[in-house]
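# Structural characterization, general
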Amino acid sequence: MKLSSVDYYLDWPVSIKLENLRDFIMANLEKKGDLIRWSIVDIQNSIDSSGTKKLRIKAVLAN
């Protein structure tokens, strides 16, 4: 089993409520490999008026 560390950026759309954020993040990360652990490192507001936020996520994946 090979472990890899990933620095991943993900757009958080306004349509995803806070209660559903964990499932949204995990669904996107599991596309990359078997998810071991993850954490949100940074949240930035969008420059445009759409209201989306940019999440910076560090994750460890098993491939």
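Our subject is the structure that appears above.
This section reports on the structure supplied with the text. (Residues numbered from 1 in each chain as written. Predicted model: local features only at pLDDT ≥ 70, side-chain atom pairs only at ≥ 80, totals over all residues. Heavy atoms only, no water.)

## Examining the environment of V41
With respect to the element layout, V41 can be found in strand β2 (residues 34-45). On the basis of relative accessibility, which here comes to 41%, the residue V41 falls in the partly exposed class. Put simply, V41 and S4 are 37 residues apart on the chain and 17 Å apart in space, counted from C-alpha to C-alpha. Ignoring any residue separated from it by four or fewer positions in sequence, one finds V41 in contact with R56 and K58. (Helix = DSSP H or I, 4+ residues; strand = E, 2+ residues; numbered from the N terminus. Buried < 20%, exposed > 50% of the residue type's maximum accessible area, 1.4 Å probe, protein only. Contact = heavy atoms within 4.5 Å.)

## Observations regarding the side chain of N28
Inspection of the secondary structure assignment puts N28 in helix α1 (residues 21-29). Residue N28 is classed as buried on the basis of its relative accessible area, which comes to 14%. Setting aside residues up to four positions removed in sequence, N28 forms contacts with Y8 and L10.

## A word on the sheet that holds β2
With respect to topology, three strands assemble into an open sheet ordered β1-β3-β2, the strand pairing being antiparallel. Edge positions in the open sheet fall to β1 (3-12) and β2, since each of these has one partner strand only. Each strand axis lies, on average, 20° off the axis of its neighbour in the sheet, ignoring direction. (Pairing = 2+ DSSP bridges. Axes fitted to C-alpha atoms, helices over the stretch in contact; angles between N-to-C directions.)

## Structural notes on the pairing of strand β3 (residues 53-62)
Both β1 and β3 contribute to a ladder of 10 bridges, which runs antiparallel. Along β3, the bridge assignment pairs W12 with K53. As paired strands, β2 and β3 are joined by 10 bridges and run antiparallel to one another. Counted as the bridge partner of D34 is A62 from β3.

Honestly, it's all geometry; don't read function into it.
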